[in-house]
Amino acid sequence: MRLERVGRRHGLRGRWILREVGLDLPAGALVRVVGTNGTGKSTLLRLVAGVDAPTEGRVTGRPPRTAYVPERFPVALPFTAADYLVHLGRVRGLGRAAARARAEEWLERFGAGEHARTAMAELSKGTSQKVAAAQALLAEPSLLVLDEAWTGLDTGARAELDAAVRGRLAAGATVVFVDHDPRRLAGEPSAVYEVRDGRVRERENHEPTRPAPGAPAGPAPGVPAGPGSRVPAGPGSGAPAGPGFRVPPTPAPRSATPPRPPNPAGPRPPRPDHRLRRPPPAPRRPPRRPGRRAGRRRPGVRRPHHRPHGGRGALGRAARRAPRRLLAHPSPRPRRRTRMTALLRYQTGLLLRSQRWLAPLLLYVAVLGVGISVGEPVLGALGLTAGALLPVTAWSVRICVTQEPPAARNVVAAAAGRGRAHLAALVTGTVLPVLVGGVAVLAVTATGNRRGVTALAAATAGLLAVLACALTGAAVGALVSRPFVRAPGWSLSALVLGSLLALVTTGSPAKHAMTALITGARTPIADPPWFAAAGAVLLAAVCAALACRATARLE
Ligand SMILES: Nc1ncnc2c1ncn2[C@@H]1O[C@H](COP(=O)(O)OP(=O)(O)OP(=O)(O)O)[C@@H](O)[C@H]1O
């Protein structure tokens, strides 16, 4: 993974927090980032994790499975610790049973097993930090970004996190971390970068180089790296010149290469700087335990380094029931569809458990209750049913887009990508009002005065109008929320104004659909608003694409 001339500032005219950052983050590297408060360490880690996009420059080669522990982990999530971990595990592509088993395993390892069923809001700071660490380690990431992840952990949990970091490194993952305790993993980092005055510079001879996993011991502590050490970029080096940018070493002349030992099976000469090379691949299988019959192991199946013991309660039962097959494949390659389904489930869980859906639903019911009178022609009532859904959907979309605390959003964005996480919020905020509107259409059709219009024709026209209005409302909701409008006051004002305009502006799919129904109520002929529904699908798709793209690029 590589950062090339990366810069970050907030807002068009904000000051540059980071500028001209160039970093190589090879597989198997443990990278420490240091600096005083407010210099931009967390900003750098967010860029590395992919939860923030650079204002300039580019980040390439990010490993597919990224996990991020934010500096401040949010507790204001309406889940229990275990449920949250299961959601995150599923977002990362684990099946339900495997996600439960891993949640159990990591909570136990961090000494928080008894808090599996505790609501996140009731967790102590240290325990919620354990949940934060657990979510990152659930699916064995290939890039692990830890922003002061040890803060607040007790001694045992700190040691466990140290061990987990070493485990990931041994498996070839890249780990980037910030911790204000200089003793944290002292002597082990492959490189230490200091953030100061908006620049990132590598500290030379910071501490002993961590030997690559399985490789012979590297240079002794304090011994300067040999050929291949970092040199400042200079003219003609062929690399972008910028502070902190590490230039690949000039290959030493052949004659200067130390002779290889005559026996190819013998020990290899020590590597002067393993950071510039790929570390040797992690052993595919742990050594076989003595006494175990060879025939009992299926070839190619890895055993997890830690088998959940399955404590008491539902989680324990789930862990014991978890298919061994799932646990034996610790690095699933999640399919995109699976991830999106898991994201939708997570967003729906957030919405339903937070009860924020209650206010828009009550508004909708109230408008229908006041607006629809007994004996009114059914098509007119259906027009109101559809029209009232527009602001309700815009509101619902806004709720879904803003309901997560930023740190929780970053955790999900690291796991699934910013754009996809945003799309899941938009879809969740749209689907639930559409379902409510569909039920309302059926109820109105069943009870209304049809005046010669068949129930099927009325319901079809009503459902299409509901779709047209809900999708237009979703487009409004997407445009008046993050990332386009962030301030809550402006966002709400824009929502009200945008909804009104969408209902009365000629050419709006919602207005077209409502007009078709209200005109049909006078005739009475039910003219299904197909074009309005198709136009609304197009409008919502364009607005969602714009919002997701802007989220991925701007946030
Ligand atoms: N959303 C934001 N808008 C404007 N400025 C921001 C934003 N986020 C961070 N900053 C600024 O960026 C600078 C770097 O912040 P950052 O959190 O990266 O520092 P840090 O080195 O991690 O600090 P600490 O050691 O205290 O955690 C700070 O001056 C902060 O005020």
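The structure presented is a predicted model; accordingly, all values stated were derived computationally and were not measured.

K.L.:
Sorry, what's going on with the UniProt feature "transmembrane region" (unreviewed entry) in the protein chain here?
P.N.:
When the UniProt feature table is mapped onto this chain, "transmembrane region" (unreviewed entry) is found at residues 357-375, 381-401, 422-444, 456-480, 492-510 and 530-552. Taken as a whole, residues 381-401 contains 100% helix and 0% strand, while its terminal C-alpha atoms sit 31 Å from one another. Along residues 456-480 the backbone is 96% helical and 0% strand, and the end-to-end C-alpha distance reaches 36 Å.

K.L.:
Would you take a moment to explain the site of the ligand for this structure?
P.N.:
Neighbouring residues of the ligand: H10, I17, G35, N37, G38, T39, G40, K41, S42, T43 and E71. With three residues, the single largest contributor to the shell around the ligand is helix 1 (residues 41-49). Class assignment of the residues belonging to the shell around the ligand gives a composition of one nonpolar, eight polar and two charged.

K.L.:
Quick question: what am I supposed to make of helix 2 (residues 81-91) here?
P.N.:
Owing to its 3.6 residues per turn, the α-helix brings residues three or four apart onto one side. Buried residues dominate helix 2, accounting for 11 of its 11 residues. Every buried residue of helix 2 is accounted for by A81, A82, D83, Y84, L85, V86, H87, L88, G89, R90 and V91. Phi for G93, located one or two positions after helix 2, is positive at around 100°.

K.L.:
How should I be thinking about the sheet that holds strand 8 (residues 191-196) in this particular structure?
P.N.:
By way of backbone hydrogen bonds, the strands of a sheet pair with one another, either parallel or antiparallel. Within the open sheet, the six strands sit side by side as 5-6-7-3-8-9. Their pairing is mixed. Edge strands, defined here as strands with exactly one partner in the open sheet, are strand 5 (66-69) and strand 9 (199-202). Each strand axis lies, on average, 15° off the axis of its neighbour in the sheet, ignoring direction. Alignment of strand 3 (residues 30-34) against strand 7 (residues 174-178), held across three bridges, turns out to be parallel. Across the sheet, residue V31 finds its bridge partner in strand 7, namely V176. Docked against the sheet, helix 1 engages strand 3, strand 5, strand 6 (143-147), strand 7, strand 8 and strand 9, running at close to 160° with respect to strand 6.

K.L.:
Any chance you could explain the nonpolar core here in plain terms?
P.N.:
For soluble globular proteins, the rule of thumb is that nonpolar side chains tend to be buried together. Residues L382, A465, A468 and A513 are the most contacted members of the largest nonpolar core, which totals 151 residues. Sort the elements by how many residues they give to this core and helix 13 (residues 455-479) lands first, with 17 residues. Residue assignment places this core across two domains, with domain 1 (2-218) and domain 2 (336-554) each supplying three or more. Dropping the residues within four chain positions of it, L382 is found in contact with V441, V444, A458, A461, G462, A465 and L517.

Parameters and conventions
- Residues numbered from 1 in each chain as written.
- Predicted model: local features only at pLDDT ≥ 70, side-chain atom pairs only at ≥ 80, totals over all residues.
- UniProt positions renumbered as here; feature names shortened; annotations may be inferred.
- Helix = DSSP H or I, 4+ residues; strand = E, 2+ residues; numbered from the N terminus.
- Near = placed C-beta within 6 Å.
- Nonpolar A, V, L, I, M, F, W, Y, C, P; charged D, E, K, R; others polar.
- Buried ≥ 20, exposed ≤ 12 C-beta atoms within 10 Å, placed from the backbone.
- Pairing = 2+ DSSP bridges.
- Axes fitted to C-alpha atoms, helices over the stretch in contact; angles between N-to-C directions.
- Contact = placed C-beta atoms within 7 Å.
- Core = buried A, V, L, I, M, F, W, Y, C linked by C-beta atoms within 7 Å.
- Domains from an automatic or database assignment.

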